[in-house]
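Given next are the chains, with one letter for each unit.
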Amino acid sequence: MPFSNFGLGKEILRAIGKAGYTRPTQVQTAAIPKVMQGHDLIAIAQTGTGKTAAFVLPMLQRISKANQDGEPRGTKALILAPTRELALQIMENIRAYGDGLPIRVAAVFGGVEEEAQIKAVRKGVDMIVATPGRLIDLIGRQKIDFSLLETLVLDEADRMLHMGFLPDIENIVSGLPKRRQTLMFSATLSKAIESLARRFLYQPKMVQIGKRSNPADTVAQCVYEVPGHLKNVMLLELLRQADFKRVLVFVRLKDGANLLTNFLKLAGVKVTRLHSSRSQEQRLKALQDFKDGNVQVMVATDIVARGIDIDSVSQVVNFDFPVNPEDYVHRIGRTGRAGASGLAVSFAASSDQRLVTDIEKLIKTKIEIEPMEFEEDQPRKDQGRINDGRRM
Ligand code: AMP
């Protein structure tokens, strides 16, 4: 079904064309008609599936029509997202898809000047994208009027629950009009998500796209068994390969991210880092540098990198092996997006074998573990050749 069948206005169709989208993705095809009809919705879809447009396009359509019809202006839509990066990304998408529409949107998230956000909200906005913590602050100070709210979106709801945002979400929802449309997006359908849906959604329709346990087929995967003290050298070897152009490196801890970044810098690699102790400005700059190709490598911890949409990450390196299989799927989902081919390389200690087996079960793919063979002070030139993961 082409975009023109959804009943979206001319401006929105033009903006979609400008974004270069020719056909709706699966989640868009399934969700947009239901959202346009006003149903509540649970959509099980990972980032990278086009889920943002699935909720943003119908909202833009409804709000722009209401504005055209001279209905009272006010904040009609609230989108809650787990991290500032994701909130900002959603806002950028709204701006892109709403290009040419007189729709005002504001973002409300921690780590940047509160006054500027309050000012933006005070001027009157049609849509707010927020992380739960900062929004609670502003609501507490009675800065936001939600009396005209029509649509609530809980994006990456599973992530918000993991991050402990449930009390904040409950608090926020308790202040919203009871009659509203609620859309919930989650990568997984867990008991906690079902219970959230039962409490906040009314007779929801359900859309499930693929399975979280299926990383894109376009991602080749390999695991190297690397002793801890050789991981730095091994990474450097990989980074010297010509096709390692935009590499996202996952580490477990912030300190580890700092140490690794310093090591790479000393070795002459252009690198930036993304973790939760960095200021909002530093995080945005790191992302921008990585997106613009000013750096070859971004070293990141899981939480901040979740959900971030970066085009053409050429490789993901799990420098520290993920502690649970689902993180593995999330991490390697940063590459091989929208049909492009990608590569995920993981360093594992021999004690990680059990985790590798768990991942194989989850993704139903055999992952070969390659032993490390090079001498510590004489890295082999062909080290780092990759074998694709084979389907079992
Ligand atoms: P999301 O899952 O919303 O983070 O979207 C993932 C990526 O897919 C983003 O870079 C979008 O710009 C892109 N995208 C969304 N919808 C489409 C579409 N219909 N065709 C091509 N790309 C799309």
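Criteria and cut-off values
- Residues numbered from 1 in each chain as written.
- Predicted model: local features only at pLDDT ≥ 70, side-chain atom pairs only at ≥ 80, totals over all residues.
- Heavy atoms only, no water.
- pLDDT = per-residue confidence, 0-100.
- Contact = heavy atoms within 4.5 Å.
- Core = buried A, V, L, I, M, F, W, Y, C linked by side-chain atoms within 4.5 Å.
- Buried < 20%, exposed > 50% of the residue type's maximum accessible area, 1.4 Å probe, protein only.
- Helix = DSSP H or I, 4+ residues; strand = E, 2+ residues; numbered from the N terminus.
- Pairing = 2+ DSSP bridges.
- Axes fitted to C-alpha atoms, helices over the stretch in contact; angles between N-to-C directions.
- Arc of directions from axis to C-beta.
- Parallel < 35°, antiparallel > 145°, perpendicular 65-115°, else oblique.
- Left-handed = near helix turned anticlockwise from the far one by under 90°.
- Nonpolar A, V, L, I, M, F, W, Y, C, P; charged D, E, K, R; others polar.
- Near = heavy atom within 4 Å.
- Polar contact = N/O pair within 3.5 Å; in protein donor to acceptor, adjacent residues only side chain to side chain.
- Areas by Shrake-Rupley, 256 points an atom, 1.4 Å probe, with all protein chains shown as cover.
- Phe/Tyr/Trp six-rings, centres within 6.5 Å; stacked < 30°, edge-to-face > 60°.

A. A look at the confidence of the model for the protein chain. On average, residues of the protein chain score 86 in pLDDT, and 89% of them are at 70 or above. Low pLDDT, under 50, characterises residues 375-392; the stretch is placed with 43 contacts to residues that sit more than four places away or in other chains.

B. Up close: the nonpolar core. If you look at the biggest cluster of nonpolar residues, it comprises 43 residues, and the most contacted ones within it are Phe55, Leu57, Leu60, Ile79, Ile94 and Met127. Broken down by element, the residue count for this core peaks at eight residues, all from helix α3 (residues 51-68). Of all hydrophobic cores here, the second largest spans 32 residues; its members include Val125, Leu135, Ala157 and Val173.

C. Layout of the sheet that holds strand β1 (residues 41-44). Spatially, β3-β4-β2-β5-β6-β1-β7 is the arrangement adopted by the seven strands of the open sheet, whose pairing is parallel. Unpaired on one side and paired on the other, β3 (105-108) and β7 (205-208) mark the two borders of the sheet. Each neighbouring strand pair of the sheet contributes to a mean axis angle of 15°, computed without reference to strand direction. Bridge count between β3 and strand β4 (residues 127-130): four bridges; the pairing is parallel. Of the residues in β4, the one forming a bridge with Ala106 is Ile128. Its contacts with the sheet place helix α6 (residues 132-140) against β2 (77-80), β3 and β4, and it is angled at close to 105° to β3. Along the sheet, helix α9 (residues 191-200) makes contact with β1, β5 (151-154) and β6 (181-186), crossing β6 at roughly 175°.

D. Here's a closer look at helix α2 (residues 26-36). Val27, Gln28, Ala31, Ile32 and Val35 are the residues of α2 that are buried. With its buried residues spanning 110° around the axis, α2 presents them on a single face. Where α2 is buried, its residues touch β1, α3, β6 and β7. One or two steps after α2, the chain reaches Gly38, where phi turns positive at roughly 95°.

E. Representation of the packing of helix α10 (residues 231-239) against helix α11 (residues 254-266) within the structure. α11 packs onto α10 with a crossing angle of 55° between their chain directions and a minimal axis gap of 11 Å. As summarised for this structure, α10 and α11 are arranged oblique, according to the angle between their axes. Seen from above, α10 lies across α11 with right-handed handedness. Counting all contacts with α10, which are made through Asn232, Val233, Leu235, Leu236 and Leu239, the residues of α11 involved are Leu260, Phe263 and Leu264. For the contact of α10 with α11, the per-class residue count stands at seven nonpolar, one polar and no charged.

F. Layout of the packing of α3 against helix α4 (residues 84-97). Look at α3 against α4: their axes get within 10 Å of each other, and the N-to-C directions meet at 50°. Taken together, the axes of α3 and α4 are oblique relative to one another. Here α3 and α4 pass one another in a crossing that is right-handed. Along the contact surface, α3 presents Thr52, Ala53, Phe55, Val56, Leu57 and Leu60, while α4 presents Ile90, Asn93, Ile94 and Tyr97. Of the residues that constitute the contact of α3 with α4, the class distribution is eight nonpolar, two polar and no charged.

G. Fine view of the site of the ligand. Neighbouring the ligand are 14 residues; Tyr21, Gln28, Gly48, Gly50 and Thr52 lie closest to it. One of the side-chain N or O atoms of Tyr21 is found 2.4 Å from an oxygen atom in the ligand. Separating an oxygen atom of the ligand from a backbone N or O atom of Lys51 is a distance of 3.3 Å. Within the complex, the protein chains bury 82% of what would otherwise be the 500 Å² of accessible surface of the ligand. For the shell around the ligand, the residue count by class is three nonpolar, seven polar and four charged.

H. Local environment of the packing of aromatic side chains. Enumeration according to the criterion identifies five aromatic pairs in this entry. Considering the side-chain rings of Phe319 and Phe347, the 5.9 Å spacing of their centres and the 55° angle between planes classify their relative orientation as tilted. Here the residue Phe319 occupies a position in the loop between β12 (315-318) and α14 (325-332), and Phe347 occupies one in strand β13 (residues 342-348), the gap between them amounting to 28 residues. Here the two residues Phe319 and Phe347 agree in accessibility, since each one is buried.

I. A look at the sheet that holds strand β10 (residues 271-274). Pairing in this open sheet of seven strands is parallel, and the strands run β10-β11-β9-β12-β13-β8-β15 from one edge to the other. Each having just a single partner strand, β10 and β15 (369-371) make up the two edges of the open sheet. Each adjacent strand pair in this sheet contributes to an overall mean axis angle of 20°, direction not counted. With four bridges connecting them, strand β9 (residues 247-250) and β12 associate as parallel partners. Following the sheet pairing, Phe250 is matched in β12 by Asn318. Helix α12 (residues 280-292) rests against β9, β10 and β11 (297-300) of the sheet, and its axis sits at about 135° to β10. Those strands touched by α14 are β8 (219-225), β9, β12 and β13, and its axis lies near 150° from that of β12.

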